[in-house]
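A look at the structure
Okay, here's what each chain looks like letter by letter:
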Amino acid sequence: MKLRAPTDWIARPLAQGTSMTHGLNQAIAATVLGVFLLGIAAWTSINELSGQVDRWGAIEAVDAARQDLSRTIRQYRQSPDPEGQQRAIAAFDVLSAKIEALRFADPGNGFADDSGIIAADTLTAFIVAASQADTATRAMTNLDEALNQVAALVGHEAELARLDLAASTTASKELEDEQRIITERLHVLFGAMVTAEHIRRHIASFDRFKGTETGLEVPLKGIEAKLEQLPPPCTPEQEGETANICKPSTARLRASLAVLSEAGPDTINTLTQNAYWASEAYSRAAETRYRELTRQLQETVDKSEDERNRIRSLRTGDIAISRVNLALSEARAMAATLATTPLDDLETLNGQVRARIVQTRLRLPHVMTLRNQSEEEINRLRRLVAEAEETWSNAHAATFARRSAEQEYDALLNRLGTSITATTEEVRLSASHWISVFAKSTFAVLLLVAVAVIAAAFAANRHVARPLATVTSAILDLAQGATERRLVLKGGGAGFRRLAEAIERLRNANIERRELLLRNADQKAQIECQMKTLEKTNREIEHQARHDALTGLPNRRFAEDFLSEIDETSGRNGEDFALLHVDVDRFKEINDTIGHDAGDFILQHVSDVLRMRTGSGEHTFRIGGDEFLIAILGGPDKADVEAVASSIVEDLANPVSYEGHSCRIGASIGIAFGQGAGFDARKTLVNSDMALYRAKKAGRNQYAFFNDDLQHQMVRSRKMSDEILLGIERREFVPFYQPQFYCGSLALRGVEMLCRWQHPEHGLLSPGEFLPYADELKVTGRIDRILFERSANDLRALKARGILMPKISFNVTADRLMHQDLAESLRADIDPDTEVSIELLESMSLDTLSEALRWSIDTLKENDIRVEIDDFGSCRASIAGLISVGPDAMKVDRAIIAPITGSEPHYQLVKAIVEIGRALGIEVVAEGVETQDHVRLLTEIGCSVLQGFALARPMPVDDLAQFILKRYGAPGAAA
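Here goes a summary of the coordinates provided. (Residues numbered from 1 in each chain as written. Predicted model: local features only at pLDDT ≥ 70, side-chain atom pairs only at ≥ 80, totals over all residues. Heavy atoms only, no water.)

**As for the pattern of salt bridges**
If you walk through the whole model with that rule in mind, you get 31 salt bridges. The partner of Arg622 in a salt bridge is Asp548, with the nearest N and O atoms 2.9 Å apart. Remark: Asp548 occurs in the loop between helix 10 (494-546) and helix 11 (556-573) and Arg622 occurs in strand 2 (residues 618-622); sequence separation between them is 74 residues. Classification of Asp548 as buried rests on a relative accessible area of 15%. Residue Glu835 is joined to Arg866 by a salt bridge in which the shortest nitrogen-to-oxygen separation is 3.7 Å. Within this pair, whereas Glu835 is found in strand 12 (residues 835-841), its partner Arg866 is found in strand 13 (residues 865-872), the two being separated by 31 residues in sequence. Take Glu835: its relative accessible area is 32%, and that puts it in the partly exposed class. Here Arg866 falls in the buried class, since its relative accessible area comes to 12%. Look at the salt bridges and you will find they share partners, linking Arg749, Lys807, Glu835, Arg866, Glu868 and Glu923 into a network. (Salt bridge = Lys/Arg side-chain N within 4 Å of Asp/Glu carboxyl O. Helix = DSSP H or I, 4+ residues; strand = E, 2+ residues; numbered from the N terminus. Buried < 20%, exposed > 50% of the residue type's maximum accessible area, 1.4 Å probe, protein only.)

**Details of helix 26 (residues 957-968)**
Between its first and last C-alpha, helix 26 extends 16 Å over 12 residues, near the 16 Å set by a 1.5 Å rise per residue. All of the buried residues in helix 26 are Val957, Leu960, Ala961, Phe963, Ile964 and Tyr968. Angular distribution of buried residues about the axis of helix 26 spans 160°; they occupy a single face of the element. Away from its buried face by more than 90 degrees, helix 26 exposes Gln962 and Lys966. Of the surrounding elements, those touching the buried residues of helix 26 are strand 8 (733-742), strand 9 (748-759) and helix 18 (780-800). Directly beyond the C-terminal end of helix 26, a positive phi value near 85° is found at Gly969. (Expected span 1.5 Å × (residues − 1). Arc of directions from axis to C-beta. Contact = heavy atoms within 4.5 Å.)

See below:
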């Protein structure tokens, strides 16, 4: 830019200067006009302020009426009554009157119109809510009455069931006492019959020796000794008792023998014959009495069995009644919270109460059917439960409608309050604005007058002298190269302003050139600093990406790169290495019970131990949640690696204290050498994982080395798993049946279905050879379904051959037991004349069965499916657990049955179990009956059913049919 001379900058504005007199005249005219306008503004603000104050007061009255209405509605909700409702409606009327007053005070105001509409809608919603409240109250009263009626009926049925159970228990006890008495009398009568037979033989001997004098004394003394062993004749009091063993009278025999002892030679033959006939008559009478007592004993046994069945049925009914009573109590307790339940939770409460009422409706008719109630009583029950369900629906619907209406008028009142607050704030701001306008206008009038006087005095100085001095100083600074101070021109005419603009442009041009040079230097320095920061950030990101944030150890990504490097170096120089795959035992238990902070603490502790136990040439990584990897390079030998693993296991076995908790963990370690995998690091990692699996399976807190046997086992496991899945698709799993027999008579009780796998290569496999693999694959339920279908077909085939199986029992897994269609499918597929039994493993822990498992067991019983406890005595079922489940039978484990032939404690244990079963009315089945000695001892003990190789082995259905026909003859004879 070309600079002009300083004289040019000064001369031009002076030539264009304005007249001082002309400026003062303009200032005076402007001052007068400003005073007039400001006066008009002050007068207008006073009028507007008066109207805003009136509007403000009317809105405050509306707000007060709204607050009074809210308070009245809250009081009505706490104690709803007609008087409270009338007070609330009166408060609505007051609010409407205040809104009308506001509309009159401020016509054309849209707020008053909107508030009137909101108030009318709120009143409508309140009236609807009040009406729904009455409806809800009546519905709750009806619901309480209906539930009380059902509860009374359930209580009545429970009391009747308890009375029946007590009566049946007493009757069963009396029958057992009667059996014992009859058995004792049979024993004595049998002894009497044997004695009578001896007497008859003595009489025959006497008849042979009566011809010699020396031969009479010995036979007569023998007869008299035996005669004392016979029961004496009945007394008059005993004549009326039909069960007495003295009924076969010994009077005739005693009289004939007394006469015989005094007989002479002429009467000896006749008296001997009479005595013989008397003994024969007594034997026949005793035999008749023996048969009569035997019949009475059988009748008592049959009655006792009937009473035991009745007790079992009553106990089943009592359990079902308890379930019904629990569901009904929960329904009543939940229904009582209906009035206080929030609106958002009403649907959840509805589903819970309905579920309990449905449980009552489904279970109670079955209970009454078990008690042989009439159809009229069952229909009355259904009607009561249906009424309860209907009244609950009405109460829930009314409460939901009431809460919805209350929520609606609460929202309207809140909306009205928000609108009032906003409008009040608007009025307050408007009034404040007009107050400010009035104050400012008045002050401005006074200030303008004072300023006009002062402005005239300073006008000349402002517009001529000071601008000239300022411009001159700026020109001198610019000529000397000083550009720091900016030219600020106060006053002056148009010529001075243009001169100042020209000087300022010149100064800015010089500043821009200087700043450009400085900016280039600064940008260069900033770029260098940013490059250093970027490099540091990249290094930090790379470190974070390859290291674990919690422990600081290298992570899985780092480990993968490291394994790739091992592949290159080991493959090149052939130097062996070892990988230790470490898994923290019981980490999940600590993480779930104490918390994630405790889990993080444990992981940091483990990483510290691993760092401490690894040295040079050993690298540690965290490759998963609780999994670590240690790589040992440099050709380590097995002893060195074993020492490292042993020290890690030992250190991590010590308890760790965390916030007062003693945390016990451990380490399972799998070890593999690179040479065994052809120096392939990733394959070595897979091998170490296999070894880790072996260590965990062996009991954890130990280490294991990978070897060829382990690899063969893993290959075999994978092969077996694939073959099991293929076997399921091909339906290669077949049922075998082991017969069960009644103890004593050895009549066929039924069969137990056992699983076998018809393997295409290995032949017939037992469950022990494939079931562990099936459990790992979670396919035991699918195998069960195949076996159920085939068993149903086999039973139909047996029936077609004239063989009706009395009972069939199945072993089921816990997940299969939870299927809702289990009971229905079994009853639908299997003939109703065949009893179906489900065997529960005692390891299910009968004392702590979940509610879902109890429901499944009850469902089985309600569908006439027997429930048995398998392997009783091998785990931890208590008597309380047996009573709670109420099984129909319990199978004594073969490990207890097998030693009874040579172990008195085992014999007494089995005897005690049989007594427990008899006391609880539970059938006792003995498994593992391997010898005839087992059969004899179990018969003596009084076991109910026998099963074992001594009687029959498991067999396919065709062999089972031949076995039954061969053993029992014609079809149907087995039953």
